[in-house]
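Results of the structural survey
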Amino acid sequence: MSTPPDGLPIYRVVTGPDDAAFCHRVSEAIDLGYALHEGPAITFNGENVIVAQALVWRALP
């Protein structure tokens, strides 16, 4: 598949609390055909660790 499914963009940033749900969202994107772009950004909002992970579409033959 040369383009992402369901009209998704070729570049995505997934953000959220550093928890299992965040990890599942990133894993699902990888399963769809996205690849990690660089490492995650991590911050602390006073209560939770918040992460952001950029993903780019891998053009599959």
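Residues numbered from 1 in each chain as written. Predicted model: local features only at pLDDT ≥ 70, side-chain atom pairs only at ≥ 80, totals over all residues. Heavy atoms only, no water.

1. Brief notes about helix α1 (residues 20-32)
The end-to-end C-alpha distance of α1, which contains 13 residues, comes to 18 Å, matching closely the 18 Å that a straight helix rising 1.5 Å per residue would cover. Of the residues making up α1, those classed as buried are F22, V26 and A29. Viewed along the axis of α1, the buried residues span an arc of 55 degrees, placing them on a single side of the element. Turned more than 90 degrees away from the buried face of α1 sit A20, H24 and D31, all of them exposed. (Helix = DSSP H or I, 4+ residues; strand = E, 2+ residues; numbered from the N terminus. Expected span 1.5 Å × (residues − 1). Buried < 20%, exposed > 50% of the residue type's maximum accessible area, 1.4 Å probe, protein only. Arc of directions from axis to C-beta.)

2. Re the UniProt feature "domain: DUF1737" (unreviewed entry) in the chain
According to UniProt, the feature "domain: DUF1737" (unreviewed entry) maps to residues 10-56 in the numbering used here. Helix and strand shares over residues 10-56 are 28% and 47% respectively, and the end C-alpha atoms of the span are 6 Å apart. (UniProt positions renumbered as here; feature names shortened; annotations may be inferred.)

3. What to know about the nonpolar core
Residues V14, F22, V26, A29, Y34, V51, L55 and W57 constitute the largest nonpolar core, which totals 8 residues. Residues within four places of L55 in sequence aside, it is in contact with I10, Y11, R12, V14, V26, A29, I30, Y34, A35, L36 and H37. (Core = buried A, V, L, I, M, F, W, Y, C linked by side-chain atoms within 4.5 Å. Contact = heavy atoms within 4.5 Å.)

4. Describing the environment of V13
With respect to the helices, strands and loops of the structure, V13 is situated in strand β1 (residues 11-17). Assessed through its relative accessible area of 47%, V13 is described here as partly exposed. Discounting chain neighbours no more than four positions away, the residues touching V13 are A52, Q53 and A54.

5. Here's the deal with the packing of aromatic side chains
All chains considered together, the criterion is met by 1 aromatic pair. When the ring of Y34 is compared with that of W57, the centres are 5.1 Å apart and the planes differ by 75 degrees; the resulting orientation is edge-to-face. Of this pair, Y34 sits in strand β2 (residues 34-36) while W57 sits in strand β4 (residues 49-57), and the two are 23 residues apart along the sequence. Lying across the ring of Y34, R12 places its NZ or CZ 5.0 Å from the centre. (Phe/Tyr/Trp six-rings, centres within 6.5 Å; stacked < 30°, edge-to-face > 60°. Lys NZ or Arg CZ within 6 Å of the ring centre and 35° of its normal.)

6. Things to note about a nonpolar patch on the surface
A cluster of nonpolar side chains, I10, Y11 and V13, forms an exposed patch at the surface whose accessible area comes to about 310 Å². Along the chain, Y11 turns up in strand β1. (Patch = residues over 30% accessible without salt bridge, like charges linked within 9 Å, V, L, I, M, F, W, Y side chains within 5 Å. Areas by Shrake-Rupley, 256 points an atom, 1.4 Å probe, with all protein chains shown as cover. Salt bridge = Lys/Arg side-chain N within 4 Å of Asp/Glu carboxyl O.)

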